[in-house]
Amino acid sequence: MTEIAGHRVDASMWSYIARHAGDDALKLMLRQEPGLSFDKRFAVLQVECRHKLRRKIPELLAHERFLFPKAVSAEQCTHQEVAKLHASLFDSAHTVLDLTMGLGVDDYYIASRVRALTAVELDPEIAAVGQYNFGFLNPNVKVLHADSVQLLKSMLPQEHYDAIFVDPARRGQDGRRLYGLSQCQPDVLAIMPLIARHCRRLVIKASPMLDLSQSRADLGAPLAQVWAVSVKNECKELLFVLDFDSQPAGIALHALNYDDGWHDFATTAAGGAAHDAAPGVPVAGGFLYEPHASVMKLGCHAAVQAATGTAQLAPNSHLYAGDRLVRDFPGRKFVVKEVIPFNGRQLKQLGKRCERLNIATRNFRLTPEALKKRLKVGDGGSDYLFATTLADGSAVLLLCEKI
């Protein structure tokens, strides 16, 4: 029997977890099971978290004795493919300090690429479970129960790391979501001088809801890279990479989307505005392109046009047209079947022809739901309908087939 973070853990608990894999957690808790030698609530937490995260962190869960300290740690943990991406940013580092360990998924993958990693965790229970987990996952990870800000303040001038990683807490004590870098804990902007004193490179994981222009201004000259990271076309986070040893000539932008592998559209912060180019005109038989969420977040529309030979329909449409198929376009690709003027007669005819449509609106007067009601169609089917406004101000419906 072992005690971990105040919980008794023994062979019978591991057997219980294995026996009830996939079972309903609430039903397990309600079941009367007197005489157990372990903390049943803690055991059921393991059953529940393992089931919920079986697709999110399968490599970690292959370790049968991996423990979850709290439900919140599981809810906020990083997807393993995203954690591998994070780890790739530390390839040139030998020593890393993580100021906000959490469940430790990022640290698991970062540690496989560096010589030594120190992970700091403020919550004593999460820290204790992290010490236990890394005891068998990777002994090169040193877990400290400490306040990371106070730790930085207490460091000697000669204490130095190749890189520091921080994922500030995005919820306040009242559970309210926080977005700005200065709102989250720790406040990275406030402790930036401390961080710069003890590392060459800083990697910040942040909310995808951040105002990107404001964040770039707040972080200033050391900012070298910005990564917008999406999984299955949903933007999950922003990553900021700061280099304190040199003044970057420009900011490298990476718009990534994970869907059966990573797809990276890379460019720089420099470049003309997207509306400087001639607008695209959709035609039947041509191609329509919708950039993925990370491209939209970074706003690198001029670079997309230049790299792909496409043209944006209008400055605020975020849809692109082209007369040839661009297979590596960073987003979804469609063949335009029809270009339909937006008027009552055309709406009525289209509604009669189509029972189901996948409807999206871009820079358009109606929401998808309102347009669906006007057309009297259901969701789904093989056809996609994009409602948008062209550069000349005309409203059109683009009936498309996905490639």
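Our subject in this report is the structure included herewith. (Residues numbered from 1 in each chain as written. Predicted model: local features only at pLDDT ≥ 70, side-chain atom pairs only at ≥ 80, totals over all residues. Heavy atoms only, no water.)

Let us look at the overall build of the protein chain. For the protein chain, the count of helices and strands is 15 helices and 18 strands. By its C-alpha atoms, the protein chain is 75 × 60 × 35 Å across when sized along the principal axes. Residue burial in the protein chain is summarised as follows: out of 403 residues, 51% are buried. The long-range fraction of contacts in the protein chain, counting pairs at least 24 apart against all pairs at least 6 apart in sequence, stands at 65%. Carbon and sulfur atoms make up 49% of the accessible area of the protein chain, which totals about 19,300 Å². Here the protein chain contributes 47 positive and 44 negative side-chain charges, whose respective centroids are spaced 7 Å apart. (Helix = DSSP H or I, 4+ residues; strand = E, 2+ residues; numbered from the N terminus. Buried < 20%, exposed > 50% of the residue type's maximum accessible area, 1.4 Å probe, protein only. Contact = heavy atoms within 4.5 Å. Areas by Shrake-Rupley, 256 points an atom, 1.4 Å probe, with all protein chains shown as cover. Lys, Arg positive; Asp, Glu negative; His and termini not counted. Charge placed at Lys NZ, Arg CZ, Asp CG, Glu CD.)

Pairing within the open sheet is mixed, and its 9 strands lie in the order β5-β4-β3-β6-β7-β9-β8-β10-β11. In this open sheet, the two edge strands, each paired with only one partner strand, are β5 (141-145) and β11 (262-268). Adjacent strand axes in the sheet meet at a mean angle of 15°, parallel and antiparallel pairs treated alike. Relative to β5, strand β4 (residues 116-121) runs parallel, the two being bridged by 5 bridges. Residue Thr118 lies in a different strand from β5, and its bridge partner there is Lys142. Across the sheet, helix α11 (residues 212-219) touches β7 (199-206), β8 (223-231) and β9 (234-243), and the angle it forms with β9 is around 20°. (Pairing = 2+ DSSP bridges. Axes fitted to C-alpha atoms, helices over the stretch in contact; angles between N-to-C directions.)

Sheet architecture is open: 7 strands sit in the order β13-β14-β12-β15-β18-β17-β16, paired in mixed fashion. What marks the edges here is a single partner per strand, and that holds for β13 (311-312) and β16 (356-362). Bridge analysis of strand β15 (residues 331-341) against strand β18 (residues 395-402) gives 7 bridges, and the strand direction is antiparallel. Across the sheet, Val335 pairs through a bridge with Glu401, a residue of β18. Contacts from helix α15 (residues 368-375) reach β16, β17 (378-389) and β18 within the one sheet, and its direction differs from that of β16 by about 135°.

This part takes up the side chain of Gln346. Tracing the chain through its elements places Gln346 in helix α14 (residues 344-353). When neighbours within four sequence positions are excluded, Gln346 is seen to be in contact with Ile340 and Pro341.

Further remarks concern the packing of aromatic side chains. Scanning the entire structure with this criterion turns up 11 aromatic pairs. Three or more aromatic residues link up through ring pairs in this structure, and these residues are Tyr289, Tyr320 and Phe329. (Phe/Tyr/Trp six-rings, centres within 6.5 Å; stacked < 30°, edge-to-face > 60°.)

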